[in-house]
Amino acid sequence: MKLSIKTGIIYSLSCLAVLLLVLYPSLDAPYGHILRILVIFGVAWLIYFYFTSLGQFNNTKVDSSNGNDTSQYAIFPKPHVDELFQEIQSMVFSIVQSLNDSYQPEVFLFEDQFDTLVRQKDSKSSLSDTILTNNLLINTILTSTGPQTIYQKDCGAEWDEIFGDKTWRGSECFLANPIRFNDKSIGLFIIYIDHFNALDNKSLIITSQLSSLLTKNLENLDSLDHQALGNYKKESILTFISNLNFQDAETDIYRQFSSLVNKFVPSDQIIISSATSFFTQGVIMWSKGDDPNYIEGKKFNLNESLLGLPMMVNGGINDDILLKKFPTFIPASGDGDSMINHSVVGLLLKIGEEKLISVILERKSKRKFSLKERDSIKSFFQILSTIMNWQQEYQQIYLNATQDGLTGLLNHKTFMDRFDEEIQRAKRFNHDLVMLMFDLDKFKRINDTLGHPYGDYVIQTVSQILKDNVRLIDAVARYGGEEFVIILVNTNIDMAMPVATRIVQNIAEYPFSMDEKDVKMTISCGMSEYPTHSENIREVIDYADQAMYSGKKLGGNSVTVFESNN
């Protein structure tokens with residue numbers, strides 16, 4: 001670092017004074033005093049200089065060639081959380097791809113220095129492997145607090161510094177959000193989009209949510225790494241999280257985690273229950289042990305059960321708290337005739353804004369849970385709380401990305417992915433599939449005469465009728481506007497005909513009414529079958545569409561099967 005002239009003069013005089021004092025240690029006043037004052041002043045100045053310049057330089061690792069303020073940046077804590085962060089990053093990318101196949105997500109992080117962002121995952125993206133932060137556009141994004149939409153036509157040279165000097169159409173854009181760690185930016189989450197027509201408000205919201213998810217997970221992973229756990233425990237927990245699928249059912253996560261805890265702190269019974277903060281009734285979500293009273297799905301009153309005690313005291317419980325609340329508690333029966341010697345640990349976990357999770361561990365032997373074991377249990381289930389919050393956020397974002405916002409049905413993109421999956425499965429197991437294409441008859445009159453809110457009400461009601469008339473394994477989607485599609489799995493035309501007919505009839509008979517305005521609606525349905533009509537997904541959809549329009553031409557309110565001469 002280059003010293004200022006003032007600092008250089010003071011430093012030189014101080015060195016000279018030290019040298020003279022070494023050579024003439026008994027120098028008389030006033031010269032000796034003057035030299036000693038120079039030495040003291042020089043040391044004081046150097047201390048001041050260190051803390052105002054050198055110390056700041058060392059702490060922030062500023063590259064003197066880069067004029068940017070890097071005090072708001074931090075280095076990615078790679079040694080601690082890298083492997084798990086990569087897992088979460090992959091899940092985030094899968095959500096982005098479910099929005100639109102053309103979206104290209106990337107994560108860039110500060111790995112060693114603040115002048116370069118490094119790409120974290122190989123892909124076919126148009127972005128470079130590194131991005132320099134002396135780019136004003138990148139600095140603006142890094143210091144922002146929300147999603148930024150950047151258009152190529154507005155950037156010019158700064159865009160080329162990020163993506164390279166190529167021939168651009170001007171329609172390209174990207175979404176960007178900073179990834180933060182301990183309130184400092186450690187990198188960027190970017191989604192490159194080839195044409196701004198593919199961009200919508202939903203994508204902006206989900207980009208912000210995904211960036212928040214990356215930030216929260218990063219901080220939680222780092223916190224986990226620094227917890228006072230033994231290496232074997234920590235390794236077991238990290239392995240568990242690495243193998244975790246956030247799309248697993250809640251009970252599956254409880255089962256896996258209970259087995260992990262039991263390996264380190266053995267117990268005879270683990271019961272995990274849930275309730276919402278405004279209800280007085282809970283339900284058992286998971287139970288491990290031989291007590292027949294604790295079965296999944298069983299409901300209980302929070303005030304009258306041990307299972308609800310953590311929720312009632314708003315925290316953990318132990319044997320002392322248990323004895324005060326339930327002095328004659330008997331885990332196996334509840335008849336109160338005798339005491340059973342046992343030890344209990346209870347914890348309260350809070351998931352999101354409203355959900356409460358009660359965790360009870362029982363030991364029915366005379367060996368009580370020790371203080372060390374209770375501390376271990378607390379650490380384990382703090383991690384479970386983090387995991388369940390991750391899962392809740394992930395699932396909410398995933399639903400936002402894959403569902404139609406108005407109806408809750410699958411959106412067009414997700415439906416096409418699901419249809420492809422079902423066709424691949426049908427090929428493996430030699431099954432048939434039936435495609436149902438629906439379109440509301442003369443729907444435009446609703447929006448034109450009664451307004452769009454009434455039209456939304458009709459679409460939502462029809463969506464519910466469709467869902468109510470098919471199985472959980474079948475896929476129902478809003479194909480676009482007032483069009484809907486259903487995939488009936490492992491079904492042929494003959495088996496599907498009663499389902500389609502029932503849906504058409506139920507919609508025709510439904511008393512649509514809103515704001516004291518009643519209407520009647522009908523719907524037309526077209527049917528095609530895989531592989532009878534075609535083994536090509538696009539053709540199966542097109543044939544169902546052709547059949548549906550054939551029915552509409554004849555007046556609608558009907559079910560029409562595709563025929564090759566249609």
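What comes next concerns the included structure. Model, not experiment: these values are computed from the prediction.

Considerations on unusual backbone geometry
Working step 1: With an omega of 0°, the peptide bond between Tyr530 and Pro531 qualifies as cis.
Working step 2: Position of Pro531 relative to the elements: it lies in the loop between strand E17 (523-530) and helix H16 (537-553).
Working step 3: One non-glycine residue, Glu516, lies in positive phi territory at about 60°.
Working step 4: A residue is classified by how much of its surface remains accessible, and Glu516, at 80% relative accessible area, is exposed.

Overview of the layout of surface pockets
Working step 1: Empty space within the largest pocket amounts to approximately 490 Å³.
Working step 2: In terms of lining, the largest pocket is formed by 21 residues, of which the most central are Gln403, Leu410, Arg418, Asp474 and Val476.
Working step 3: For the lining of the largest pocket, the secondary structure elements donating two or more residues are helix H11 (371-402), helix H12 (412-429) and strand E13 (475-480).
Working step 4: Take the lining of the largest pocket: its biggest share by element is five residues, from H11.
Working step 5: Here the residues of the lining of the largest pocket are counted per class, giving nine nonpolar, six polar and six charged.

Re the packing of aromatic side chains
Working step 1: This model, assessed by the stated rule, comprises 19 aromatic pairs.
Working step 2: The interplanar angle of 75° and the centroid separation of 5.9 Å between the aromatic rings of Phe163 and Trp168 together place this pair among those described as edge-to-face. In terms of burial, Phe163 and Trp168 fall into one category: buried.
Working step 3: Clustering of aromatic rings is evident, with ring pairs tying together Trp159, Phe163, Trp168, Phe174 and Tyr192.
Working step 4: Just above the ring of Tyr151 sits the side chain of Lys153; from NZ or CZ to the centre is 5.4 Å.

Focus on H12
Working step 1: Taking 1.5 Å of rise per residue, 18 residues should cover 26 Å, and H12 covers 26 Å from first to last C-alpha, within 8% of that figure.
Working step 2: Taken residue by residue, H12 has Lys413, Thr414, Phe415, Met416, Phe419, Glu422, Ile423 and Ala426 as its buried positions.
Working step 3: In the segment just after H12, Asn430 is the residue with positive phi, at about 60°.

Regarding the nonpolar core
Working step 1: Ranked by internal contacts, the top residues of the largest apolar core, which has 61 residues, are Phe189, Phe257, Phe381 and Ile387.
Working step 2: Broken down by element, the residue count for this core peaks at 11 residues, all from H11.
Working step 3: Those residues in contact with Phe381 that sit more than four places away from it in its chain are Phe257, Val261, Leu347, Leu349, Val359 and Leu361.
Working step 4: Membership of the second largest hydrophobic core comes to 32 residues, among which are Leu436, Leu440, Ile459 and Cys525.

Reading guide: rules and limits
Residues numbered from 1 in each chain as written. Predicted model: local features only at pLDDT ≥ 70, side-chain atom pairs only at ≥ 80, totals over all residues. Heavy atoms only, no water. Helix = DSSP H or I, 4+ residues; strand = E, 2+ residues; numbered from the N terminus. Buried < 20%, exposed > 50% of the residue type's maximum accessible area, 1.4 Å probe, protein only. 1 Å grid on protein atoms, 1.4 Å probe; cavity = no way out; pocket = protein on both sides within 12 Å on 5 of 7 lines; lining within 4 Å. Points joined across faces, edges and corners; volume = space filled by probe spheres on them. Nonpolar A, V, L, I, M, F, W, Y, C, P; charged D, E, K, R; others polar. Phe/Tyr/Trp six-rings, centres within 6.5 Å; stacked < 30°, edge-to-face > 60°. Lys NZ or Arg CZ within 6 Å of the ring centre and 35° of its normal. Expected span 1.5 Å × (residues − 1). Core = buried A, V, L, I, M, F, W, Y, C linked by side-chain atoms within 4.5 Å. Contact = heavy atoms within 4.5 Å.

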